[in-house]
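Residue-level structure breakdown
Residues per chain are reported as follows:
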Amino acid sequence: MTHDGAMPVVVVVQVLLVVAAACLLVPVLLARRDAVRTRRRLARARTASGEVLAVTEEGGGTVPTVRYFVGGERLEGVPRTPRPGARYLVGQPVDVRYDPQEPAWMTVEAVPGDARVPRAPGARAAAVTAAVLLVAALLLRLVT
C-alpha cells in the first residue's frame, strides 16, 4: 500500500511545524541571552546619584530620562531595565546602577538592590508551544 499523495503533505506539515517552533523559539532564546547579559551587568554595577530630566509615557508606564555623572563625565539616558508601575517626577533624585565597563548602560533603583532583570512576556508559553510543535512533527515522522 503506497501513500503517494499523503507523503508530501506529511513532509510539508512537518516542515511547517518545525518552522513555527523555530519562530517561537528565536525570540525566547534572544530574550534569555539578553537576560544573562543584564544579570552580568547588574552583578558588576556601580551606583551613582542621578536626576530625572524628563518623563515620557511608554507602554502604559512612565519612563524617565536620567542625568548622572561617572568619573566626572555627564551621562544621560533611559533605564535599560524599566520598573513596571514606577512613577517619576522631573527633578526627582534617583539612584543609578551603571555598568563600569559601559557607563552609558544604566538602570534606576527606587531602593538599593531593587534593579531586576525584566522577564520576556509570554516566554514560557512560547517555549512550551514550540516544544509541542516539535513533538508533533516528531510523531508525524514516526507514524509515516
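As a starting point, this report considers the structure included with it. (Residues numbered from 1 in each chain as written. Predicted model: local features only at pLDDT ≥ 70, side-chain atom pairs only at ≥ 80, totals over all residues. Heavy atoms only, no water.)

Turning next to the environment of Glu73. Structurally, Glu73 is set in strand E3 (residues 73–77). Taking the relative accessible area as the measure of exposure, Glu73 reaches 46% and is therefore partly exposed. For Glu73 and Pro103, which are 30 residues apart along the polypeptide, the C-alpha to C-alpha distance reads 9.5 Å. (Helix = DSSP H or I, 4+ residues; strand = E, 2+ residues; numbered from the N terminus. Buried < 20%, exposed > 50% of the residue type's maximum accessible area, 1.4 Å probe, protein only.)

Attention shifts here to the pairing of E3. The pairing of strand E2 (residues 61–70) with E3 spans 5 bridges and is classified as antiparallel. Bridge pairing in E3 links Arg67 to Glu76. Here E2 hands over to E3 after 2 residues, with Gly71 in that stretch at a positive phi of 55 degrees. (Pairing = 2+ DSSP bridges.)

Core analysis: the largest hydrophobic core is formed by 13 residues, its most contacted members being Val66, Tyr68, Val94, Val96, Tyr98 and Met106. Elements with a contribution of two residues or more to this core: strand E1 (46–58), E2, strand E4 (93–99) and strand E5 (102–109). Not counting chain neighbours up to four residues away, the residues in contact with Tyr68 comprise Ser49, Gly50, Glu73, Arg74, Leu75, Val96, Tyr98, Pro103, Ala104, Trp105 and Met106. (Core = buried A, V, L, I, M, F, W, Y, C linked by side-chain atoms within 4.5 Å. Contact = heavy atoms within 4.5 Å.)

Among the structural elements, Asp95 can be located in strand E4. C-alpha of Asp95 to C-alpha of Thr107: the two residues are 12 residues apart in sequence and 8.5 Å apart in space.

Bringing a nonpolar patch on the surface into the picture now. A cluster of nonpolar side chains, namely Val135, Leu138, Leu139, Leu142 and Val143, defines an oily patch on the protein surface of about 510 Å² accessible area. Looking at the secondary structure, you find Val135 in helix H2 (residues 123–143). (Patch = residues over 30% accessible without salt bridge, like charges linked within 9 Å, V, L, I, M, F, W, Y side chains within 5 Å. Areas by Shrake-Rupley, 256 points an atom, 1.4 Å probe, with all protein chains shown as cover. Salt bridge = Lys/Arg side-chain N within 4 Å of Asp/Glu carboxyl O.)

Across the sheet, 5 strands lie side by side as E3-E2-E1-E4-E5; this open sheet has antiparallel pairing. Each edge of the open sheet carries a strand with a single partner, namely E3 and E5. Within this sheet the neighbouring strands show an average axis-to-axis angle of 40 degrees, counted without direction. Pairing between E4 and E5: 5 bridges, direction antiparallel. In the strand pairing of E5, Asp95 is matched with Glu109. (Axes fitted to C-alpha atoms, helices over the stretch in contact; angles between N-to-C directions.)

With that out of the way, let us pick up H2. Here H2 contains 21 residues, and its C-alpha end-to-end distance of 30 Å stays within 8% of the 30 Å for a straight helix at 1.5 Å per residue. For H2, the set of buried residues is Ala123, Ala126, Ala130, Leu133 and Ala137. The buried residues of H2 all sit within an arc of 90 degrees when viewed along its axis, so they share a single face. Exposed and oriented more than 90 degrees from the buried face of H2 are Arg124, Val132, Leu142 and Val143. (Expected span 1.5 Å × (residues − 1). Arc of directions from axis to C-beta.)

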